[in-house]
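Listed below, chain by chain, are the residues.
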Amino acid sequence: MNADAATLNAARRTAELSALAECPAVDVVVIGGGITGAGIALDAASRGLRVVLAEKHDLAFGTSRWSSKLVHGGLRYLATGNVGIARRSAIERGILMTRNAPHLVRAMPQLVPLLGSMRRRDRALVRAGFLAGDALRRLAGTSATVLPRSQRISREQVIDLAPTVRRDGLDGGLLAYDGQLIDDARLVTAVARTAAQHGATILTYTAASRAAGDAVRLTDQLSGESFDLRARAVINATGVWAADIDPALRLRPSRGTHLVFDAPAFGNPTAALTVPIPGELNRFVFAMPEQLGRVYLGLTDEDAPGPVPDVPQPTSAEVAFLLETVNTALGTALGTADVRGAYAGLRPLIDTGAGRTADVSRNHAVIESESGVFSVIGGKLTEYRYMAQDVLDRAVLSRGLAASPCRTRDLPLLGAPGNPGATGSPARRPPESVVARYGAEAANVLAAAGCERPEKPVADGIDVTRAEFEYAVSHEGALTAEDIVDRRTRIGLVAADRERVLDVAREFVDGAD
């Protein structure tokens, strides 16, 4: 497999659009460049099918970049009696952590402090839930060396893991582990590039319209040129925008909001401070240590009716709820002045009628429209691979496509051990921050750099290097400065930092023209 096959850039995009316009016929067209669409493209390409992914904006432009950056084991679904999705989530988490993307997903300690205000009954429920999580992990075949067993820890250990925790009445804590992504948008990029590595055509800034079961119109958003592309199967993976492709679909978007803090505001924690939401069963607010020296605080679950915005916005009520909830577990309260940034994403839930969005099933569904378009709706990031396999199995069977069986359970993504894409040999080991974001491909990032001072940070206090900005353009399909700052890196989550690096990003975009 040629390592250059995974390279996405403006020149490749132009060449592939031209080739498709001249020979407009493929096996599968996937509409949508989030985690589900990228996963479908990888599944199809690795089965030997000719596949085109068309994304109106950039990779991970929508919901896939607004998640909690967690690969959940499904514990909350077990608590509500949904054993099927809980088991699948635990299995898919294990696949990601041990086979697909061990470089992007690692064990995250989740700490529930046992405060004086926490009732004995609630403590018992949390402990029982964590033990059930251990059982799910074993059922999924994930070793305790990958995800350690839950345990009770001392007061001193709690303070060491979460230094700003409230000390009054603190009686130790309960510690469990789940999967944490270095970043959700980086996972999407890795999946899309691995699909390209297997022969998929990945087209960003390419809008799809007039979709039918055997054809779709593609429009280059940069040039304005359009052409019709024939396909034996068309798959709609546009998430909360799915009804734009098939108006018969009924979705109920749910908004999940996070706040972004500098890590020192939480004492530079090494575990996710996990605070039960009063009156809720197995729902928590998490303060999670993240890359770039930040802590993300989330998560809300609110109805979001009406037109679907490109970039959802948190509400003041959600900000207040998150602060009020986490402050019940902190020694010194945090306020809005401590918030460095905020983001919100819309979950593409299936509309099942009345009730709270928090109680709506996270199951997915595959629906074939009257025109023959397959849509995959609902679901969750952790199960993207399973969802891709499900919709593609159905398309292969329904359309009689000549495809090999699904291979993605054991297929390492770009940057994972076993993927042939790592070829660079720099003079010395890349910085740990680069290794955390690129895995085995980190050496390539530096080896491919043609810029001056490739290891220099793009701004003081930000551990993203100039080589990473260049690599986003030369290898990861970034076409704009916003692609670099808001999706290939996550500097853009803090507006002040975003402004500091935008001109640097523009230099690399302009230099590639």
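Remember, predicted model here, so these are calculated numbers, not experimental data. (Residues numbered from 1 in each chain as written. Predicted model: local features only at pLDDT ≥ 70, side-chain atom pairs only at ≥ 80, totals over all residues. Heavy atoms only, no water.)

### So, the packing of helix α13 (residues 466-474) against helix α15 (residues 495-512)
With their axes 9 Å apart at the nearest point, α13 and α15 run at an angle of 45 degrees to one another. When the interaxial angle is binned, α13 and α15 end up oblique. For the crossing formed where α13 meets α15, the hand is right-handed. Residue-level inspection shows Arg 466, Phe 469, Glu 470 and Val 473 of α13 in contact with α15, the latter providing Val 501, Val 504, Ala 505, Phe 508, Val 509 and Ala 512. Taken together, the residues that form the contact of α13 with α15 break down as 8 nonpolar, no polar and 2 charged. (Axes fitted to C-alpha atoms, helices over the stretch in contact; angles between N-to-C directions. Helix = DSSP H or I, 4+ residues; strand = E, 2+ residues; numbered from the N terminus. Parallel < 35°, antiparallel > 145°, perpendicular 65-115°, else oblique. Left-handed = near helix turned anticlockwise from the far one by under 90°. Contact = heavy atoms within 4.5 Å. Nonpolar A, V, L, I, M, F, W, Y, C, P; charged D, E, K, R; others polar.)

### Some words on the pairing of strand β10 (residues 226-236)
Bridging between strand β1 (residues 25-31) and β10 involves 6 bridges; their strand directions are parallel. Counted as the bridge partner of Ala 25 is Arg 230 from β10. Across 5 bridges, the pairing between strand β9 (residues 215-220) and β10 is antiparallel. Looking at β10, one finds that Leu 218 is bridged to Phe 227. Hairpin connection between β9 and β10: a loop of 5 residues separates the two successive antiparallel strands, and Gly 224 in this loop has a positive phi of roughly 85 degrees. (Pairing = 2+ DSSP bridges.)

### Comments concerning the domain arrangement of the protein
Examined at the domain level, the protein breaks down into domain 1 (3-64 + 185-249 + 360-410), domain 2 (105-182 + 251-351) and domain 3 (432-511). For domain 1 and domain 3, the distance between their C-alpha centroids amounts to 26 Å. Between domain 1 and domain 3, the contact holds 17 residues from the first and 15 residues from the second. Regarding the contact of domain 1 and domain 3, the summed buried area is about 1,300 Å², with carbon and sulfur atoms giving 45% of it. If you sort the residues of domain 1 by the area they bury against domain 3, Asp 58, Arg 186 and Arg 193 come out on top, with a joint share of 42%. The interface formed by domain 1 and domain 3 contains 4 salt bridges. Applying the counting rule to domain 1 against domain 3 returns 12 residue pairs in polar contact (both at pLDDT 80 or more). (Domains from an automatic or database assignment. Buried area = accessible area lost by both parts, 1.4 Å probe. Salt bridge = Lys/Arg side-chain N within 4 Å of Asp/Glu carboxyl O. Polar contact = N/O pair within 3.5 Å; in protein donor to acceptor, adjacent residues only side chain to side chain.)

### Observations concerning the side chain of Ser 68
By secondary structure assignment, the location of Ser 68 is in the loop between β2 (51-54) and β3 (70-71). Take Ser 68: its relative accessible area is 10%, and that puts it in the buried class. Not counting the four nearest positions on each side in its chain, Ser 68 is found in contact with His 258, Met 288, Glu 290, Leu 299 and Tyr 343. (Buried < 20%, exposed > 50% of the residue type's maximum accessible area, 1.4 Å probe, protein only.)

### Quick notes on the environment of Ala 6
Take Ala 6: it is sitting in the segment before α1 (10-22). The exposure class assigned to Ala 6 is buried, which follows from its relative accessible area of 1%. The spatial distance from the C-alpha of Ala 6 to the C-alpha of Ala 195 is 7.7 Å, given a sequence separation of 189 residues. Those residues in contact with Ala 6 that sit more than four places away from it in its chain are Arg 12, Arg 193, Ala 196, Gln 197, Leu 414 and His 475.

### A short note on the layout of surface pockets
As a volume, the second largest pocket reaches approximately 620 Å³. Around the second largest pocket, the lining comprises 27 residues; the ones closest to its centre are Met 118, Asp 122, Pro 276, Ile 277 and Glu 280. Listed by contribution, the elements that provide at least two residues to the lining of the second largest pocket are α3 (75-79), α5 (120-139) and β12 (272-276). Among the elements that take part in the lining of the second largest pocket, α5 stands out by supplying 6 residues, more than any other. Class assignment of the residues belonging to the lining of the second largest pocket gives a composition of 16 nonpolar, 6 polar and 5 charged. (1 Å grid on protein atoms, 1.4 Å probe; cavity = no way out; pocket = protein on both sides within 12 Å on 5 of 7 lines; lining within 4 Å. Points joined across faces, edges and corners; volume = space filled by probe spheres on them.)

### Observations regarding the pairing of strand β6 (residues 173-181)
Counting buried residues in β6 gives 8 out of 9 residues, a clear majority hidden from the surface. Two elements, β3 and β6, share 2 bridges in a ladder whose sense is antiparallel. If you follow Val 71 over to β6, its bridge partner there is Gly 179. Where strand β4 (residues 105-113) meets β6, 9 bridges bridge the pair, whose relative direction is antiparallel. The partner of Arg 106 across the bridge, within β6, is Gln 180. Where strand β5 (residues 151-153) meets β6, 3 bridges bridge the pair, whose relative direction is antiparallel. Looking across to β6, one finds that Ile 153 is bridged to Gly 173.

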